[in-house]
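# Results of the structural survey
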Amino acid sequence: MKYENVDFNTYFKTYPDKNGYFGKYGGSFIQPELQAAMDEITEAYMTIAQSRRFIAELRRIRREFQGRPTPVSHLERLSGKLGNVQLYVKREDLNHTGAHKLNHCMGEVLLAKYMGKKKVIAETGAGQHGVALATAAAYFGLECDIYMGSVDIKKQAPNVARMKILGANVVEVTHGLQTLKEAVDAAFAAYSKEYKDAIYCIGSVVGPHPFPMMVRDFQSVVGEEAREQFVEMTGHLPDAIVACVGGGSNAAGFFSGFLNDPVDIYGIEPLGRGEELGEHAASLKYGTEGVMHGFNSIMLKDENGDPAPVYSVASGLDYPSSGPEHAFLRDIGRVKYDVINDEETIDAFFELSRMEGIIPAIESAHAVAYGMKLAKQMKRGSVLINLSGRGDKDMDYIIENYGIR
Ligand SMILES: *Cc1c(COP(=O)(O)O)cnc(C)c1O
């Protein structure tokens, strides 16, 4: 299948290119000292991670520790309520730790171990990436330093506790606004001093090359499983698939299984409280091209051209850019990116819980809300939604802000 001049039969051999570009997006925009460290990771990824031994070990871990394959579930009652379209969900909420993030963390830390590193370093905002990475580090017996702003440490006390229980060292970042941006800077600064013994582990398909490629590849297990399971269940492909997009890792892995199929693909960004800058985090819809955090993509900028403040009810989606591959897939028209606001998300959160007995993460509820919209528009056919995570982490927030509906 072809879109513009992009042939999806050979897509994964061609994109990204050897410098990490998906068309004009991607690349590596970092200090020269760190470029050597990135080159080392790229080299290791292209050799070690493609070896039979590595692939077999990761496959075994996914089965025996992570609980993969996760199932695909038919949402029979919800579909019936909406009309004739059949909705299905890929259950990443049932992956160990309750979300898709562990898929790439296990891959990244296994690679670190093969490279002989002793420590993994990362930053975290809401704490989900920190918990997944701390889990992987505990499993493989590596040290784990998680940089986190003081403000976030106070807000995310349960995740801070989880990281500590898992043996991670949570490093408090006390300068500036004391949130994610400062944590990123501090993590990078530490990494530039420690890169001989440590490896930086990014939390999504963002950052300099090779991370957007590597994280997508580690997440592609989601799309591969989902396609095979769906076809086995129904005898055909879904008409449409949907995933939420923050940085874009769950979407990138899920979409990768269907890019060469006659399937409509939708990536859903958070519209938050509305279209005004600062009220949403829909970078692919409202953003412009620019460089941040080491890569070129579409981003939301303030008047100075710096990353703009963003907002979403889902803390995992409030990032002012998206991975370069999403910007590319948008431009060539292969994936349609659309938005869902806070209200629609909360409705879908309760609807899925009540009708199906599945409490979704607020992030994932964006994709569910869009799948429900499609079901009303399409009249017949089937839609497969990636349920990126479970909602246990969101209980307190929901009760406090929305009560029980
Ligand atoms: C972190 C997170 C996301 C957003 O990250 P992506 O890289 O866009 O996938 C989505 N859903 C859940 C449950 C998350 O924890």
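On a predicted model such as this, the values are computed, not experimentally measured, just so you know. (Residues numbered from 1 in each chain as written. Predicted model: local features only at pLDDT ≥ 70, side-chain atom pairs only at ≥ 80, totals over all residues. Heavy atoms only, no water.)

## Topic: the sheet that holds strand β5 (residues 72-75)
The strand order across the open sheet formed by six strands is β5-β6-β16-β11-β12-β15, and the pairing between neighbours is mixed. Pairing within the sheet leaves two strands with one partner each, and these edge strands are β5 and β15 (335-341). Neighbour-to-neighbour, the strand axes of this sheet turn through a mean angle of 30°, independent of strand direction. Pairing analysis gives seven bridges linking strand β12 (residues 264-272) to β15, with the strands arranged parallel. The partner of isoleucine 268 across the bridge, within β15, is aspartate 338. Contacts from helix α14 (residues 342-356) reach β5, β12, β15 and β16 (382-387) within the one sheet, and its direction differs from that of β15 by about 90°. (Pairing = 2+ DSSP bridges. Helix = DSSP H or I, 4+ residues; strand = E, 2+ residues; numbered from the N terminus. Axes fitted to C-alpha atoms, helices over the stretch in contact; angles between N-to-C directions. Contact = heavy atoms within 4.5 Å.)

## Structural notes on the pairing of strand β13 (residues 288-292)
Bridge count between β13 and strand β14 (residues 295-299): five bridges; the pairing is antiparallel. Across the sheet, methionine 292 pairs through a bridge with phenylalanine 295, a residue of β14.

## A look at the site of the ligand
The environment of the ligand is made up of 16 residues, and the closest members are Lys101, Ser204, Gly248, Ser249 and Ser388. The side chain of histidine 100 places a nitrogen or oxygen atom 3.0 Å from an oxygen atom of the ligand. Contacts to the ligand include asparagine 250, whose side-chain N or O atom sits 2.8 Å from an oxygen atom. Look at the ligand: alone it shows 380 Å² of surface, and the protein chains cover 97% of it. Class assignment of the residues belonging to the shell around the ligand gives a composition of four nonpolar, 10 polar and two charged. (Near = heavy atom within 4 Å. Polar contact = N/O pair within 3.5 Å; in protein donor to acceptor, adjacent residues only side chain to side chain. Areas by Shrake-Rupley, 256 points an atom, 1.4 Å probe, with all protein chains shown as cover. Nonpolar A, V, L, I, M, F, W, Y, C, P; charged D, E, K, R; others polar.)

## So, the pattern of salt bridges
Applying the stated criterion across every chain, the model contains 25 salt bridges. Arginine 68 serves as the salt-bridge partner of glutamate 92, at 2.8 Å between the closest nitrogen and oxygen. Taken together, the residues span a long stretch of sequence, with glutamate 92 in the loop between β6 (86-91) and α5 (101-114) and arginine 68 in the loop between α3 (52-66) and β5 at a distance of 24 residues. Using a relative accessible area of 0% as the deciding quantity, one classes glutamate 92 as buried. Between arginine 405 and glutamate 343 there is a salt bridge, and its shortest N-O distance comes to 3.7 Å. With arginine 405 in the segment after α16 (395-402) and glutamate 343 in helix α14, the pair connects residues that are 62 residues apart, well separated along the chain. We classify arginine 405 as partly exposed; its relative accessible area is 37%. (Salt bridge = Lys/Arg side-chain N within 4 Å of Asp/Glu carboxyl O. Buried < 20%, exposed > 50% of the residue type's maximum accessible area, 1.4 Å probe, protein only.)

## Topic: the nonpolar core
Grouped together as the largest cluster of nonpolar side chains are 57 residues, with contacts concentrated most on Val120 and Leu133. When neighbours within four sequence positions are excluded, valine 120 is seen to be in contact with Val109, Ala112, Leu133, Ala137, Leu142, Glu143, Cys144, Asp145, Ile199 and Cys201. In this structure, Leu75, Val89, Ala348 and Tyr370 belong to the second largest nonpolar core, which totals 36 residues. (Core = buried A, V, L, I, M, F, W, Y, C linked by side-chain atoms within 4.5 Å.)

## Some words on the packing of helix α10 (residues 211-234) against helix α11 (residues 249-256)
Here α10 crosses α11 at 50°, and the two axes come no closer than 6 Å. In terms of orientation, α10 lies oblique with respect to α11. Relative to α11, the crossing made by α10 is right-handed. Packed against α10, whose contacting residues are Val215, Arg216, Gln219, Ser220, Val222, Gly223 and Ala226, the element α11 presents Ser249, Ala252, Gly253, Phe254 and Ser256 at the interface. Of the residues belonging to the contact of α10 with α11, the class tally is five nonpolar, six polar and one charged. (Parallel < 35°, antiparallel > 145°, perpendicular 65-115°, else oblique. Left-handed = near helix turned anticlockwise from the far one by under 90°.)

## What about the domain arrangement of the chain?
Examined at the domain level, the chain breaks down into domain 1 (22-54 + 101-211) and domain 2 (66-99 + 219-402). On a C-alpha basis, the centres of domain 1 and domain 2 stand 23 Å from each other. Of the residues lining the interface, 24 residues belong to domain 1; the matching set on domain 2 comes to 34 residues. Here domain 1 and domain 2 share an interface that buries about 2,400 Å² over both sides, 62% of which is from carbon and sulfur atoms. Scanning the region where domain 1 abuts domain 2 turns up one salt bridge. Contributing elements (two or more residues each) for the side of domain 1 that touches domain 2: β4 (25-26), α5 and α6 (128-140). Among the residues making up the side of domain 1 that touches domain 2, the classes are represented as 11 nonpolar, 11 polar and two charged. (Domains from an automatic or database assignment. Buried area = accessible area lost by both parts, 1.4 Å probe.)

## Observations regarding the state of the cysteines
Enumeration over the complete set of coordinates arrives at zero disulfides. For cysteine 105, which is in no disulfide, the shortest distance to another cysteine sulfur is to cysteine 201 and amounts to 6.8 Å. On the basis of relative accessibility, which here comes to 0%, the residue cysteine 105 falls in the buried class. Counting only cysteine sulfurs, cysteine 201 is the nearest neighbor of cysteine 144, a cysteine outside any disulfide, at a range of 8.1 Å. Given a relative accessible area of 5%, cysteine 144 falls into the buried group. (Disulfide = S-S within 2.5 Å.)

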